[in-house]
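Here is what each chain is made of, one letter per residue.
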Amino acid sequence: MTTATSDKPITQIEHTVVRGVIAYTSKKPERMDQERGREFYTITKYGWGGRTIGVHTEIDDRPSVMRDATYTVDENWMPQDCFVRLTVADKFMGTGWFKFHADYTECETFTALEGRVSQRMNHRHGPLKSFQNHAIACDSWHFSHYDLSKGPGQQSIDELLLCSPDHRGATGPMLYPLRLDMVYVGDEKITVGAGTFDAHHFQVPTNTDLPEEHPPYEVYTTADGDYTFLKGGVAGYMQTHYELVEFEKTVG
Amino acid sequence: MTKEYHQRDHVTRKGRVLYTSKKSDRLDEERGREVWTLTRHADGRRSLMSHGEIDDRPSVLRFVHVTANADWAPIDAFVRITVGDAFRGSGWFRFADGIAECETYTALEGRVSQRFPYSGACPGFGGHAIQNDGWVCASVDLDKPGQPQTFTQLVSSTDHRGATGPYIAEARPTVIYVGDEKIEVGAGTFDAHHFQFVAVEGLPQEHPIYNVWTTTDGDYIFLKGQVDGYMQTYYELVELSDGL
């Protein structure tokens, strides 16, 4: 109903909305700077500080991976719920919903390989701090849990849950636990396709807890408290580069 | 070299729908907006991801994902709604042969698991994205112009703005396929199917007549629509592009 009251305007816009596009390119010598995928997202930041991202991802590298995800965190960046839908090589791979409670996370999923699965995983280190849904735009959100007041160095998230242990997130979606080490290198001003930004520079060192060792990952985020992904790159066998090429605030 | 590395068997389209009012005291005033991406796979499956904002107090923010097979039978869906800038619900839907299931967590009902049986494939699903309304029209038989057609749909909410749940509810819209015409909207000039929703059984409050125009290209892209009665709302596609 749209009836106005005497003391309140007819519309209510307490949130802000930003939209962004991240380009995926290769840094391998034989395909240097070749586009190999893209990501389009919408982030709603609520008036109370929580935020929801809806993100559509396309990895063109054969077999292609397409992922739709909607992920919500509260004002302290603590996960609330997440939806992930996966297509691999243009075929259905899985659809799942994750709900994060204080002591446990549940996952309701249907996958091409596992069928209908209900998972419940108790947290070993208190409420879950972060969730890896494999959208690049959300990779930078992990670093909101780095205590910047302690300066450059290394800190860890003792327990992170993933929707897939695959480097491209191309399995499941199902729960997988992991420890995440984070290195804060420092701050610098950087220029990406979407503009020039004051940035935090972070690294994720080589992770040996995954089924296949993940190469080091450099990530630059905005320094404005929103931890917007600006650019990043994975070394080793992947040689992938990700860069924010469009960014606009549309509402609020 | 590109083909060696790359696999792009799908088509992606992206659109933006503007919500305005047709009430005399706020004529053509913007009252919301929606941005969506549509993926059409090689086997005919289509996935919709939509972000909708209704500014009218209490505001409604909605993320919707719906996937349907080549015959427009829904496969799975997700709906997350915020009402008055506060969390209202987050729910996942799966539509199998003979049964739909919903796993949801809402501010009012808490954690709920639903099972909803039906015969055969799921008849259709409405997640309250305006673009999703265009897809509902795919259930209408185009060989019966001018005839009222009533069919069953599952919906994520029986509220006219979709501001409850999300959970499974059943609705039975009666729709008339009016015919085809060429129309102009903000996104361009299109050949369009014109549908009219004349009634919707199963809702707690009678829904006013709703005219909808969609593309004729098989994707049932919502071009424009207007709800009469107490709502006096108007929706129009203002941007459409291929790719991201």
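Our subject is the structure listed above.
Attention now goes to the overall build of chain A. Each helix and strand counted, chain A has one helix and 15 strands in total. Rg of the C-alpha trace for chain A: 18 Å, near the compact-globule value of 18 Å for 252 residues, within the 12% margin. With the C-alpha coordinates of chain A rotated into their principal frame, the extents come out at 65 × 45 × 40 Å. When each of the 252 residues of chain A is scored for burial, the buried share is 44%.

Bringing the overall build of chain B into the picture now. What chain B contains, in helices and strands, is two helices and 16 strands. Residues classed as buried in chain B amount to 46% of the 244 residues present. Within chain B, residue pairs in contact and separated by at least 24 positions form 50% of the contacts whose partners lie at least 6 positions apart.

In this section: the nonpolar core. In terms of nonpolar packing, the biggest core is built from 111 residues, with Ala137 of chain A together with Phe93 of chain B touching the most fellow members. Apart from the residues lying within four places of it in its own chain, the contact partners of Phe93 of chain B are Asp76, Ala77, Ala100, Cys102, Phe125 and Ile168 of chain B.

The interface is formed by 37 residues belonging to chain B together with 40 residues belonging to chain A. Split into classes, the residues belonging to the side of chain B that touches chain A amount to 11 nonpolar, 14 polar and 12 charged.

It is worth spelling out the pairing of strand β3 (residues 46-54) of chain B at this point. All names here are of chain B. Counting buried positions over the nine residues of β3 gives nine, a clear majority of the element. Both strand β2 (residues 30-40) and β3 contribute to a ladder of nine bridges, which runs antiparallel. Looking at the pairing, Glu34 lines up with Gly52 of β3. Here β2 folds back onto β3 in antiparallel fashion, the turn holding five residues, of which Gly44 has a positive phi close to 95°.

Our next topic: the pairing of strand β12 (residues 169-185) of chain B. All names here are of chain B. With three bridges joining them, strand β10 (residues 148-150) and β12 adopt antiparallel strand pairing. Within β12, the position partnered with Gln149 by the bridge is Val175. Relative to β12, strand β11 (residues 153-155) is paired through three bridges, and the arrangement is antiparallel. Counterpart to Gln153 in the pairing with β12 is Ala171.

Conventions adopted
- Residues numbered from 1 in each chain as written.
- Chains lettered and ligands numbered in written order.
- Predicted model: local features only at pLDDT ≥ 70, side-chain atom pairs only at ≥ 80, totals over all residues.
- Helix = DSSP H or I, 4+ residues; strand = E, 2+ residues; numbered from the N terminus.
- Rg over C-alpha atoms; globule rule 2.2 N^0.38 Å.
- Buried ≥ 20, exposed ≤ 12 C-beta atoms within 10 Å, placed from the backbone.
- Contact = placed C-beta atoms within 7 Å.
- Core = buried A, V, L, I, M, F, W, Y, C linked by C-beta atoms within 7 Å.
- Nonpolar A, V, L, I, M, F, W, Y, C, P; charged D, E, K, R; others polar.
- Pairing = 2+ DSSP bridges.

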